[in-house]
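# Understanding the architecture of this molecule
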Amino acid sequence: MRIQRENPARPREIVGSVPVTPVTAVDELARAAHGRARGWSALPLPQRLNRLRSAAAELASDADELAALLARESGKPIADCRGEIGFAARYLEWVCAHAAAVYGPTEIDDAEGRLTLTPRPYGVIAAVTPWNAPVILSVLKLGPALAAGNTVLLKPSPLAPLTVTAVAELLPETTVLHGGAELVQALVAHPLVGKVAFTGGDAAGRSIAAAAGQALTPVVLELGGNDPAVFLDDFALTADDYERLVLASFATSGQVCMAAKRLYVPQHRAEEFLDAYVAAAQRILRIGDPCEDDVTMGPVVNRVAVERISALVRDAAARGGEVVTLARGPGGDGYFADAVLVRTPPDDTPLVSTEQFGPSVPLLTYRTEDEVVFRANDSVLGLGASVWSADEDRAFRFAARLEAGFTFVNTHNRTGMSLRAPFGGIKRSGFGREYAEEGLREYVQTTVTHAPGVFRPGGAGLPARAYPAAQSS
Ligand code: NAD
């Protein structure tokens, strides 16, 4: 059996297919990956990093071809796809540059004793990834997991399995499995899987966490967000800033975990904001075939998504939201949705209170800072947020009041990303971190070898009799 992936811009065109991995194959694949992990982790770190450096170079040199495939299977504009592949190559290089600081042993030898701290790989990592940025979200797991000495079983989304499968072939010690929820459950439950790294939605996250809990296997969960973008009353945006802001919500047709999903503007500046925002959207948004260079917004991922998003917008309109169309899709049978802004629907409208994951953003108005802090934080999710102000210090102070794993100042979404900034959510947006040294540490556990000074010839340090005395009393 094979999984076929159609081009969401032209659903009759099959871009490619991948073989389904039978659930019954998981045991053999996990045993094989576990067996190989011993040899891979025994290689000196510089040798493992050389393999990753070569993969980064190949990824960069194949970027055009891979980006063309990614655009056709995911519907993302070709420039975004090139950006994603290039960023994945850069991330691999970043891992290689920082791995020694995290994965090397630490030796301490002083009056308190001799201590060696050894970061040990988990063995086999099960990585489960979504379709919306399949290459970077897989490489974020593969890079550090492999550098640390783990082998990886990677299960990408059936909605964009092709490019990531080609990328995985460039990387050592990586086996790709294709299938759905049942396959993931078998993988996560396998006793030889040492850790699970998941990026995706709430429902899959819960069922993966439950299976991992049952198996006592640790997990990293990078889940969804409903990011607020808060404009303080002194916000000062240029025309370019407005364009960046529009893309913060509409890049990848709004299907980005950290898209700006709720815009909060002071009531007395709402008209001014709306005029400039609509003008910027009309300048910058062009919906169409993602392989055309001047297209900035492609289709959404499938027919179900088109219907789900248009139902959210219809519902918001029925509750009093005013729908402002920013750009229209080209029609035809592609999975296109219009880009819309919905003005002031009530806060309990699902378009506002849930992750809409589509090209439809609510514009909400507020009167006081305390009010907007409460409304921005009134969500079970806490992935990202942004604050926009002419006064950077004020923005940083305000950011501290927002419940988010990361808060951007005067930008939002990909333009705010930094390889050195840990990325991940609080509240129900998940736990664990990617990027930065924290992201590298997810793939090792520190083990300790300790000779306490007090028991060494001539040793000193801790009060010699403290513990035995306590035991005898
Ligand atoms: P999804 O949860 O439907 O799928 C993600 C992966 O999980 C896929 O490989 C899928 O096959 C698998 N899966 C689906 N249902 C499963 C189940 N019941 N049990 C086990 N595995 C299952 O997500 P998606 O639609 O591919 O991606 C969109 C979601 O991902 C959004 O909520 C988005 O915010 C989130 N996301 C989060 C981040 C982040 O870094 N926090 C990044 C990108 C996307």
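Everything below is about the structure printed above this text.
Computed from a predicted model, the values in this text were never measured in an experiment.

### Looking at the overall build of the protein chain
Of the regular secondary structure elements, the protein chain holds 16 helices and 20 strands. Counting only C-alpha atoms, the protein chain reaches 80 × 55 × 40 Å along its principal axes. For the protein chain, the share of sequence-separated contacts (at least 6 apart) that also reach a separation of at least 24 residues comes to 70%. With the model as given, the accessible surface of the protein chain reaches about 19900 Å², and the carbon-plus-sulfur share is 53%. Across the protein chain, the mean location of the 45 positive side-chain charges is 5 Å away from that of the 54 negative side-chain charges.

### As for the site of the ligand
Near the ligand there are 28 residues, and of these Thr129, Lys155, Gly201, Leu223 and Glu355 occur at the shortest range. Separating an oxygen atom of the ligand from a backbone N or O atom of Gly201 is a distance of 2.8 Å. Within the contact set of the ligand, a nitrogen atom lies 2.7 Å away from a backbone nitrogen or oxygen of Leu223. Expressed as a share of its isolated accessible area of 840 Å², the protein-covered part of the ligand is 84%. Where the shell around the ligand is concerned, the elements lending two or more residues are helix H7 (181-189), strand E8 (193-199) and helix H8 (202-215). Taken together, the residues of the shell around the ligand break down into 16 nonpolar, nine polar and three charged.

### As for the sheet that holds strand E3 (residues 106-110)
Within a beta sheet, neighbouring strands are joined by backbone hydrogen bonds and run either parallel or antiparallel to one another. One open sheet accounts for three strands, arranged E3-E4-E20; its pairing is antiparallel. The open sheet has two edge strands with one neighbour each: E3 and strand E20 (444-452). Pairwise comparison of adjacent strand axes, ignoring direction, gives a mean angle of 15 degrees for this sheet. Here E3 runs beside strand E4 (residues 113-121); their pairing, made up of five bridges, is antiparallel. Across the sheet, the residue bridging to Asp110 is Gly113, located in E4.

### Considerations on the nonpolar core
In this structure, Leu59, Tyr91 and Tyr103 are the most contacted members of the largest nonpolar core, which totals 60 residues. Of all the elements, helix H4 (residues 78-103) adds the most residues to this core, at 13 residues. Each of domain 1 (2-222 + 443-448) and domain 2 (227-416) gives at least three residues to this core. When neighbours within four sequence positions are excluded, Tyr103 is seen to be in contact with Leu45, Pro119, Pro144, Ala147, Ala148, Leu440, Tyr443 and Val444. Of all hydrophobic cores here, the second largest spans 32 residues; its members include Ala248, Ala260, Ala327 and Ala339.

### Notes on the side chain of Glu84
Mapped onto the fold, Glu84 is located in helix H4. Residue Glu84 is classed as buried on the basis of its relative accessible area of 7%. Within the structure, Glu84 has its side chain in polar contact with the side chain of Lys76 (distance 2.4 Å). Contact partners of Glu84, with chain neighbours within four places excluded, come to Leu70, Lys76, Asn132, Ala133, Pro134, Val135 and Ile136.

### Some details on the environment of Ser253
Checked against the element boundaries, Ser253 lands in the loop between helix H9 (239-250) and strand E11 (262-266). With residues up to four places along the chain from it excluded, the contact list for Ser253 reads Met297, Gly298, Pro299, Val300, Gly358 and Pro359. A polar atom in the side chain of Ser253 sits 3.4 Å from the backbone oxygen of Pro299.

What counts, and at which threshold
- Residues numbered from 1 in each chain as written.
- Predicted model: local features only at pLDDT ≥ 70, side-chain atom pairs only at ≥ 80, totals over all residues.
- Heavy atoms only, no water.
- Helix = DSSP H or I, 4+ residues; strand = E, 2+ residues; numbered from the N terminus.
- Contact = heavy atoms within 4.5 Å.
- Areas by Shrake-Rupley, 256 points an atom, 1.4 Å probe, with all protein chains shown as cover.
- Lys, Arg positive; Asp, Glu negative; His and termini not counted.
- Charge placed at Lys NZ, Arg CZ, Asp CG, Glu CD.
- Near = heavy atom within 4 Å.
- Polar contact = N/O pair within 3.5 Å; in protein donor to acceptor, adjacent residues only side chain to side chain.
- Nonpolar A, V, L, I, M, F, W, Y, C, P; charged D, E, K, R; others polar.
- Pairing = 2+ DSSP bridges.
- Axes fitted to C-alpha atoms, helices over the stretch in contact; angles between N-to-C directions.
- Core = buried A, V, L, I, M, F, W, Y, C linked by side-chain atoms within 4.5 Å.
- Buried < 20%, exposed > 50% of the residue type's maximum accessible area, 1.4 Å probe, protein only.
- Domains from an automatic or database assignment.

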